[in-house]
Every structure is written in structure tokens, then in C-alpha cells.
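# A look at the structure
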Amino acid sequence: MINKITPILFLFLALTGYAQVKLNDIPLQDEVKNYTLELVVSGIPIPWGMTWLPDGTMLVTEKSGILYQVKKGVKTEINNVPKVYNRGQGGLLDIVVHPDYSKNGWIYITYASTEGEGEGGNTKLIRAKLEDEKLTQIESLYKAGPNTTKGQHFGSRIIFDKEGFLYFSAGERGNHFVNPQDITRDNGKIYRLNADGSIPKDNPFVGKEGAKEGIYSFGHRNPQGLAINPFTGAIWEHEHGPQGGDEINIIKKAANYGWAIVTYGIDYDGTSISAESEKPGIENPISYWLPSIAPSGMAFVTSNFYSDWKGHLLVGSLKFQYLELLKLKGDTVIGRQKIATNIGRVRNVVQGPDGYIYIGVEGKGIFKIIPN
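It should be emphasised that the depicted structure is a prediction, and the values quoted were computed from it without experimental measurement.

Here the focus is the confidence of the model for the protein chain. Per-chain confidence: the protein chain averages 94 in pLDDT, with 95% of residues scoring 70 or above. Confidence over residues 1-6 falls short of pLDDT 50; this stretch has eleven contacts with residues more than four positions distant or in other chains. Ignoring residues within four places in sequence, the model shows residues 9-18, a span with pLDDT below 50, making ten contacts including any to other chains.

Tyr108, Leu125, Ile158, Leu166 and Phe168 are the most contacted members of the largest nonpolar core, which totals 19 residues. Of all the secondary structure elements, the ones that give two or more residues to this core are strand 11 (135-143), strand 12 (158-160), strand 13 (166-170), strand 14 (189-193) and strand 15 (215-218). Counting residues per element, this core draws most heavily on strand 13, which supplies three residues.

With that settled, consider the sheet that holds strand 1 (residues 21-22). Spatial ordering of the open sheet is given by 1-19-18-17-16, a layout of five strands whose pairing is mixed. The sheet terminates laterally at strand 1 and strand 16 (222-228), the two strands that pair on one side only. Here strand 1 pairs with strand 19 (residues 287-289) via two bridges, running parallel. Residue pairing for strand 19: lysine 22 is matched across the bridge by tyrosine 288.

This next bit is on the sheet that holds strand 24 (residues 346-351). Strand order in this open sheet of four strands is 3-26-25-24, and the pairing throughout is antiparallel. Unpaired on one side and paired on the other, strand 3 (35-42) and strand 24 mark the two borders of the sheet. Adjacent strand axes in the sheet meet at a mean angle of 25 degrees, parallel and antiparallel pairs treated alike. Bridge analysis of strand 24 against strand 25 (residues 357-361) gives five bridges, and the strand direction is antiparallel.

A few words now on the pattern of salt bridges. Going through the model one piece at a time under the given rule, you end up with ten salt bridges. Of the charged contacts in the structure, one is a salt bridge between aspartate 94 and arginine 157, with a shortest N-O distance of 3.5 Å. A residue pair is termed long-range when its members are at least 10 positions apart, and aspartate 94 in strand 8 (residues 92-97) and arginine 157 in the loop between strand 11 and strand 12 qualify at 63 residues. For the pair shown, aspartate 94 and arginine 157 are each scored as buried. Taking the shortest distance from any N to any O, the salt bridge between arginine 345 and glutamate 362 comes out at 2.9 Å. Here arginine 345, found in the loop between strand 23 (332-339) and strand 24, pairs with glutamate 362, found in the loop between strand 25 and strand 26 (365-371); they are 17 residues apart in sequence, far enough to count as distant. Using a relative accessible area of 33% as the deciding quantity, one classes arginine 345 as partly exposed.

Below, the discussion takes up the environment of methionine 298. Its location among the elements puts methionine 298 in strand 20 (residues 295-300). Here methionine 298 falls in the buried class, since its relative accessible area comes to 6%. Considered as a pair, methionine 298 and glutamate 237 are 61 residues apart in the sequence and their alpha carbons are 8.2 Å apart.

Right, let's talk about empty space enclosed by the protein for a bit. Per the counting criterion, the structure on display carries two cavities of 30 Å³ or more. The computed volume of the largest cavity comes to approximately 60 Å³. Lining of the largest cavity is provided by 13 residues; of these, Glu239, Gly245, Glu247, Trp259 and Thr263 occupy positions nearest its centre. Across the lining of the largest cavity, the residue classes tally to four nonpolar, six polar and three charged. Along the walls of the second largest cavity sit Glu247, Tyr257, Val262, Thr263, Tyr264, Ser277, Ile282, Glu283, Asn284 and Pro285, which together make up its complete lining.

Further remarks concern unusual backbone geometry. Between glycine 145 and the following residue, proline 146, the backbone shows a cis peptide bond with an omega angle of -5 degrees. When you line up the elements, proline 146 lands in the loop between strand 11 and strand 12. A cis amide bond links glycine 155 to the next residue, serine 156, at an omega of 10 degrees. Even without being glycine, asparagine 187 reaches a positive phi, approximately 85 degrees. Here asparagine 187 lies in the loop between strand 13 and strand 14. Of note in the backbone geometry, alanine 294 takes a positive phi value of approximately 60 degrees without being a glycine. As for its placement among the helices and strands, alanine 294 is situated in the loop between strand 19 and strand 20.

The rules behind the values
Residues numbered from 1 in each chain as written. Predicted model: local features only at pLDDT ≥ 70, side-chain atom pairs only at ≥ 80, totals over all residues. Heavy atoms only, no water. pLDDT = per-residue confidence, 0-100. Contact = heavy atoms within 4.5 Å. Core = buried A, V, L, I, M, F, W, Y, C linked by side-chain atoms within 4.5 Å. Buried < 20%, exposed > 50% of the residue type's maximum accessible area, 1.4 Å probe, protein only. Helix = DSSP H or I, 4+ residues; strand = E, 2+ residues; numbered from the N terminus. Pairing = 2+ DSSP bridges. Axes fitted to C-alpha atoms, helices over the stretch in contact; angles between N-to-C directions. Salt bridge = Lys/Arg side-chain N within 4 Å of Asp/Glu carboxyl O. 1 Å grid on protein atoms, 1.4 Å probe; cavity = no way out; pocket = protein on both sides within 12 Å on 5 of 7 lines; lining within 4 Å. Points joined across faces, edges and corners; volume = space filled by probe spheres on them. Nonpolar A, V, L, I, M, F, W, Y, C, P; charged D, E, K, R; others polar.

Next comes the structure, spelled out in C-alpha cells:
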């Protein structure tokens, strides 16, 4: 049940046309325990990405550089995974299969790589095929650069839209006063590519002098959530703020999302990053958390298994160790509820092809939510 103040809040938003919501102003309801949690696979220290093959096999990336294949609860390491730059927040990151995987067999992976200019690493996107528990035909699609030894803000999530374009995120690598606002530089961006890694001709910065033509949107801090809204087709993203100001954004072509010109948060030492939270020409988030929850992973619920959750959004919290259900009315958040309280640091949440919701939890593994 949504809190009684919510309809009043929504009416105000509708009348003013102002859809931006500070999520902490909406009461966070305790969970309604109408489900059980089943541990599907254990012993994965930091499970980051999850995807499924047509036969039901789950593929799980583990940050240190191990790719697991999971069948009936038994995990097997996949061979020939590229060496990752396992430092700080970097390592083996997201994984998805091509929408037409049954015909082409392509699997897409992001990870922190040392390839390219400079010491350290940066976010890279590859695609490969899986044959006899081994990655084959590995192709490099995009490598952000230059490298840096900083350990923060690699991103990274991957999605395909309904037209077959691939999007992936790369954080600003801790260089927040330079990278995110400069389209001639990588990092702090959402990229849009064709499935083979080529640049779509209608990307917003194609032909602009010096621009990284793969960029679709910019001004991001550390995006660790990407999802296609199945009801509208829009791309939703969430990203970590500094100390406060985690954001949910709807990604638009060529839009600037403001980091670090504007922010709702402050730096970790208590100093101000920007005195402004809004500015003309900068896209406002539709929602933000202040204080932060440290969001990681997001999924829209479309399954009939979860009647109370269907049509709404799930977001993991690393900081508070639960899954947050955001109740939606259109693009506006009108309610919040805890799911899986105290489960641990939630790294990812995905609705599987079987209709069940799966949660990746640090130090534990993958859980499946089974409705009672």
C-alpha cells in the first residue's frame, strides 16, 4: 500500500508539471514479507552482472575477473576471460546477451582494462561467443581512455534498446572537473553503439570536431544502473552522487546531466562541489536520494508473479543493504518500500527470462525471490 500522502504529492506534481522528486521526502515503508528468498548459487564474492542463455543457463560476472556459468545451482568457471584491472571499483563488470542470441551467439561484457594509453585502467566493452565453456571470437568494441590508476567510477552497465542499439555506461574515473563535461574525452558518459561496435550515424556528436562519436549523453558521475522502461521504451539510468545526491535519470539524446556543474551532494570531506543543484541547459533527474543509498542495479518488474510490484522499479542499495521498490505513476515516483531487508550489499537486480527476480549480493551470491 502506498502512503496516504502520496496522492497529494502526485497531484501537486501533476498540477505544476514538475516531476522531480526528492525520494527521502517519501516515507520508506517496511517490507511486506509475502515472498521467500532462495539462494540459487553461493560463493561469489562480488557478483556484478547477470544474464541468461536461451537454455536457462545463467552467466554471472565476479568483479575479480571470474565469469561463472550456473546450471541447476552448480557454477563452473568460463575460460579465456580477458585479464581485468581489478582495482577499487574496477574489475569484471556487466554482461548481457544479444537480443537475437539464439541466431548470432554474441555475449557483451564490460570490464576495467589496462589496454591503451597510460598506466592503470579504464572501462572497455567487448563481445565474444561461448563455446565449450570458453570465450571465443573475442572482439574489442570500445575502450575508454586514457587509463588512470584511480580506483573509482568505472560504471558500468549494458543494455539494448528495442531498435537493437547497444548502450553502456562509464563513470568519470574520479576526474569530475574535466571528463564528464568534455565530449572530446571519455568517461562520465552513456555511449550508444551498433551491435558490432560501429557508431550509429545519428549519434548526436557524429562529425563534431574532436568529439567522441560514441557518446549519447554526458555529465554523469558513476552510472551503475541502466534499464529500458518496458512500458515507454525510454532509457532509465541511476548513478551514484557524492555524499548525497544519487540520481535517477531518463536518458535523452545529447543531454547534459550536470556533473559536476550541479549536484545535490557534497564532497566526502564535507566541502562544497557546486553551490547549484539546477541550471539552464542541464537535464534534471526525475528523482534523487538525499542522503544517498548507493544505488546499484535496477530492473522494471513486468512479471505476473509479483502482482503488487508489477509496473514498478527495483533498485539495489549497497549502503543500506536492501532492495528498494519504487512505486511509479508514469515517470513519477509516488511510493517507496523495502524488499529483502538486511540481505547484504546489493550489487545487482535482474528479472530473469523465467519471470523471477534475482538479486546479486556481495559475499553471498545470487538469490531468487519466490512469491508466497
